[in-house]
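# Examination of the molecular architecture
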Amino acid sequence: HAHFCSEDKITVHFINRDGDKLTAKGKPGDSLLDVVVDNNLDIDGFGACEGTLACSTCHLIFEDHIFEKLDAITDEEMDMLDLAYGLTETSRLGCQICLKKSMNDMTVRVPETVADARQSVDMSKNS
Amino acid sequence: MQICGISQPPALYFPQLQTNVAGLLWPFCPHPDCDFPLPQHHGGALVDIYEKLPVPFGLVRFGVAPDHPEVKNVTNTFTQTVRSERCAYYGNVTVGRDVTVPELQQAYHAVVLSYGAEDNRVLGIPGENLPGVYTARAFVGWYNGLPENRDLKPDLSCETALILGHGNVALDIARILLSPLQLLRKTDITDSSLAALACSKVKRVWLVGRRGPLQVAFTIKELREMINLPGARPVLDPADFTGLESAVKDAPRPRKRLTELMIKTALEKPVEVQAAAAGAAAPREWGLKFQRSPQEVLPSADGRRARGVRLALTCLEGSGDSAKAIPTGAVEELECGLVLSSIGYRSLPLDPAVPFDSQRGVIPNSSGRVQGVPGLYCSGWVKRGPTGVIITTMNDSFDTAQSVLEDLQGGVLDISPCREGFRLVESILRSRGVRPVSFSDWEKIDAAEVARGKAAGKPREKIVDPEEMLQIIGH
């Protein structure tokens, strides 16, 4: 039976909305949604539709060099990604991105929500 | 900083009151493991949720189309939240009648109103009350098993249906009217609606909007689904799309892709629809009509039902989302026996103690804080207006939750007086003869629905009679 030693695992760092770094591991082929769920990462509202391309709550922002090497986006994913808040040039839906060895140690960012945008405005007022 | 968590944790109240057209944002209340930047409040708040119907989930149960089961997966997140020991659900409680908002404010440190938009905008034209004319809200409620719409009995004996509106709800209705039965049979659409649709003569559906293709409110996934619907062909007039390709060249990607899909569909040669493969007696069709504003629903010769709609042709003033439709004076008549008005939902005032802006149809608020009423908040459609998908409303809930937590932290919300929470509400309800339904009660109803559906190969057979629901749980 399969035996996973640490070399098989891929490390991913998630920068949460509050700036916290959450580090987790997954197996090749796991989606980023799997990684969040399996590791019980505390990201509010992530993956509401459970990976069925019926929402955009698993929206993540990737580093340029990782983004360029991702598998091409399908129409179905883009249809839902287009509804995401805070879309960037390197945004994808986490449920559609599967781990590869080359992603080891990559950092993904959880995009801000309306509430976060408000927070940062409030904070800048105090500075 | 001391929190009132020591003797009596602050009890937050999130009433999820309405059914059908409310409910989306339901318990996006501060997640028990919330990561708001107020660590001292971790584990401090108790949240009670009140709902008018015995069953929870609001629009996710009664608004989302039966053939969109993936969208309903979010109920698993809701369920997880409610199962927390700091969260409780009380169904079958009508706030404003069984318990008032001022009474809730006595019982809780903070009260959040997220009861959505149960009513609909009115056409305001002659003939709109003729038999054969229905609101989208009622029609959707009917096929989704909303108790108050179970006896709608829509007349599906005509060939042509006209849906007024260019949003996702309009597309949902068109799709349900034209879907092959073998697809609908496996969904959680109610048995009686399925039987009615099996006898339906409707084979042509027009979606009519006052403005142009650049102002459509539906989203691309739903449009694509309609275009690919087995047994039905799209009818789009290329003339409606002249010059639009260049108009959207620099538009934001969502609008651009949506418009390009419509243009592509309009220019494609009609494909021979495999009627037999789709199981339909004859090929069905659907189309989009633009720049037409309904003036009157025309009666049949005996005056007893709708037979068509007179439409005013419009031209557009301005562009983009703010474009206005101005009547040109020209009119046309469209023959149809079924008219569905899908022009938007509308919230209703709940309680005299709660301010309400009837013009905009929302509770006046600032970031979810109800104007002039400390300790009262609102979120979702009753706060922002009735548009948006799950993520919109979810983000909005987080915004309101943020306001509540800010007020807790900043001392604006005074949590020093002890509040009794449900203990107080329970005695009020008992004195009024109201018996709330718990979440585990709901789980019994849920199990019954799933069991009944299994026999028919459906995810569930919804129980549409509230009395029957109460019987199942022994109330």
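What counts, and where the lines are drawn
- Residues numbered from 1 in each chain as written.
- Chains lettered and ligands numbered in written order.
- Predicted model: local features only at pLDDT ≥ 70, side-chain atom pairs only at ≥ 80, totals over all residues.
- Heavy atoms only, no water.
- Helix = DSSP H or I, 4+ residues; strand = E, 2+ residues; numbered from the N terminus.
- Buried < 20%, exposed > 50% of the residue type's maximum accessible area, 1.4 Å probe, protein only.
- Areas by Shrake-Rupley, 256 points an atom, 1.4 Å probe, with all protein chains shown as cover.
- Contact = heavy atoms within 4.5 Å.
- Buried area = accessible area lost by both parts, 1.4 Å probe.
- Salt bridge = Lys/Arg side-chain N within 4 Å of Asp/Glu carboxyl O.
- Polar contact = N/O pair within 3.5 Å; in protein donor to acceptor, adjacent residues only side chain to side chain.
- Nonpolar A, V, L, I, M, F, W, Y, C, P; charged D, E, K, R; others polar.
- Pairing = 2+ DSSP bridges.
- Axes fitted to C-alpha atoms, helices over the stretch in contact; angles between N-to-C directions.
- UniProt positions renumbered as here; feature names shortened; annotations may be inferred.
- Phe/Tyr/Trp six-rings, centres within 6.5 Å; stacked < 30°, edge-to-face > 60°.
- Core = buried A, V, L, I, M, F, W, Y, C linked by side-chain atoms within 4.5 Å.

### Side note on the overall build of chain A
The helix and strand inventory of chain A stands at 4 helices and 5 strands. Listed N to C, the secondary structure of chain A is β-β-α-β-α-α-β-β-α in terms of helices and strands. Scored against the burial criterion, the 127 residues of chain A give a buried share of 46%. Carbon and sulfur atoms make up 48% of the accessible area of chain A, which amounts to about 6600 Å² in all.

### A few points about the interface of chain B and chain A
The interface is formed by 29 residues belonging to chain B together with 28 residues belonging to chain A. Both sides of the chain B and chain A interface together cover about 2600 Å² of buried area, and 51% of this is carbon and sulfur. For D75 of chain A, the salt bridge goes to R224 of chain B, with nearest N and O atoms at 3.7 Å. For the interface between chain B and chain A, the tally reads 9 residue pairs in polar contact (both at pLDDT 80 or more). Put simply, the parts of the chain that give the side of chain B that touches chain A at least two residues each are α2 (74-82), α8 (220-227), α10 (253-267) and α13 (390-409) of chain B. Of all the elements, α13 of chain B adds the most residues to the side of chain B that touches chain A, at 8 residues. Of the residues in the side of chain B that touches chain A, the class split is 10 nonpolar, 9 polar and 10 charged.

### So, the sheet that holds strand β11 (residues 292-299) of chain B
Residue and element names in this part refer to chain B. Reading across the sheet, the 3 strands line up as β11-β12-β13 and stay open at both edges, with antiparallel pairing between neighbours. Among the strands making up the open sheet, the edge pair consists of β11 and β13 (324-335). When the angles between neighbouring strand axes are averaged without regard to direction, this sheet yields 20 degrees. Judged from the 7 bridges that link them, β11 and strand β12 (residues 306-317) form a sheet pairing that is antiparallel. Directly across from V297, in β12, lies its bridge partner V309.

### Comments concerning the UniProt feature "binding site: FAD" (unreviewed entry) in chain B
Residue and element names in this part refer to chain B. Under the feature "binding site: FAD" (unreviewed entry), the UniProt entry names E51, L59, V95, W381, G388, V389 and I390. For this annotated set, covering 340 residues, the C-alpha atoms extend up to 25.4 Å from each other, a dispersed arrangement in space. Here V95 lies in the loop between β3 (87-90) and α3 (101-107). Summarising the element assignment, I390 is placed in helix α13.

### Section: the environment of S440 of chain B
Residue and element names in this part refer to chain B. Along the chain, S440 turns up in helix α15 (residues 439-456). Using a relative accessible area of 43% as the deciding quantity, one classes S440 as partly exposed. Note: C-alpha distance between S440 and L470 (30 residues apart in sequence) is 13 Å. A distance of 3.3 Å separates the side chain of S440 from the side chain of S438, its partner in a polar contact.

### Here's the deal with the packing of aromatic side chains
Here the distance between the centres and the angle between the planes together describe a pair of aromatic rings. Residues and elements named next belong to chain B. In this structure the tally under the stated criterion is 10 aromatic pairs over all chains. Between Y50 and Y108, the aromatic rings sit 6.2 Å apart at their centres with planes inclined by 80 degrees, giving edge-to-face as the arrangement. With Y50 in strand β2 (residues 46-50) and Y108 in the loop between α3 and β4 (110-113), this pair connects stretches of sequence that are 58 residues apart. Each member of the pair, Y50 together with Y108, is buried. Seen from their ring centres, Y89 and F439 are 5.9 Å apart, and the 85 degrees between their planes marks the pair as edge-to-face. Placement of Y89 in strand β3 and of F439 in helix α15 is noted, with a sequence separation of 350 residues between them. Like Y89, the residue F439 is buried in the burial classification. Chaining the aromatic ring pairs together yields one cluster made of Y50, Y90, Y108 and F422.

### Quick word on the pattern of salt bridges
By the definition in use, this model includes 43 salt bridges over all chains. A salt bridge links R175 of chain B to D172 of chain B, with the nearest nitrogen and oxygen atoms 3.0 Å apart. Residue R175 of chain B and its partner D172 of chain B are both found in helix α5 (residues 168-178); the two are separated by 3 residues, about one turn of the helix. As far as burial versus exposure is concerned, R175 of chain B and D172 of chain B are alike and both buried. For the salt bridge of R307 of chain B with E333 of chain B, the shortest nitrogen-to-oxygen distance reads 3.9 Å. Residue R307 of chain B is found in strand β12, and its partner E333 of chain B is found in strand β13; the two are separated by 26 residues along the sequence. Three or more residues joined by partner-sharing salt bridges are found here, namely D75, D79 and D82 of chain A together with R224, R253 and R257 of chain B.

### Things to note about the sheet that holds strand β6 (residues 133-135) of chain B
Residue and element names in this part refer to chain B. In space, the 6 strands of this open sheet follow the order β6-β14-β7-β8-β10-β9, with parallel pairing throughout. Looking at strand neighbours, the two that pair on one side only are β6 and β9 (232-235), the edges of this open sheet. Along the sheet, successive strands turn relative to each other by an average axial angle of 20 degrees, direction set aside. Note: strand β8 (residues 204-208) against strand β10 (residues 284-289), 5 bridges, orientation parallel. Paired with W206 across the two strands is G287, which belongs to β10. Packing of helix α4 (residues 136-143) onto the sheet brings it into contact with β6 and β14 (338-341), and relative to β6 it is tilted by some 80 degrees. Where α5 meets the sheet, its contacts fall on β7 (160-164), β8, β10 and β14, and the angle it forms with β8 comes to roughly 175 degrees.

### Describing the nonpolar core
Residues and elements named next belong to chain B. Of all hydrophobic cores here, the largest spans 45 residues; its most connected members are L177, V205, M262 and W286. Each residue touching W286, except ones within four places of it in the same chain, is listed here: L178, V205, L207, L223, M226, I227, A232, R233, P234, V235 and L236. Core analysis: the second largest hydrophobic core is formed by 29 residues, V60, V74, I463 and M469 among them.

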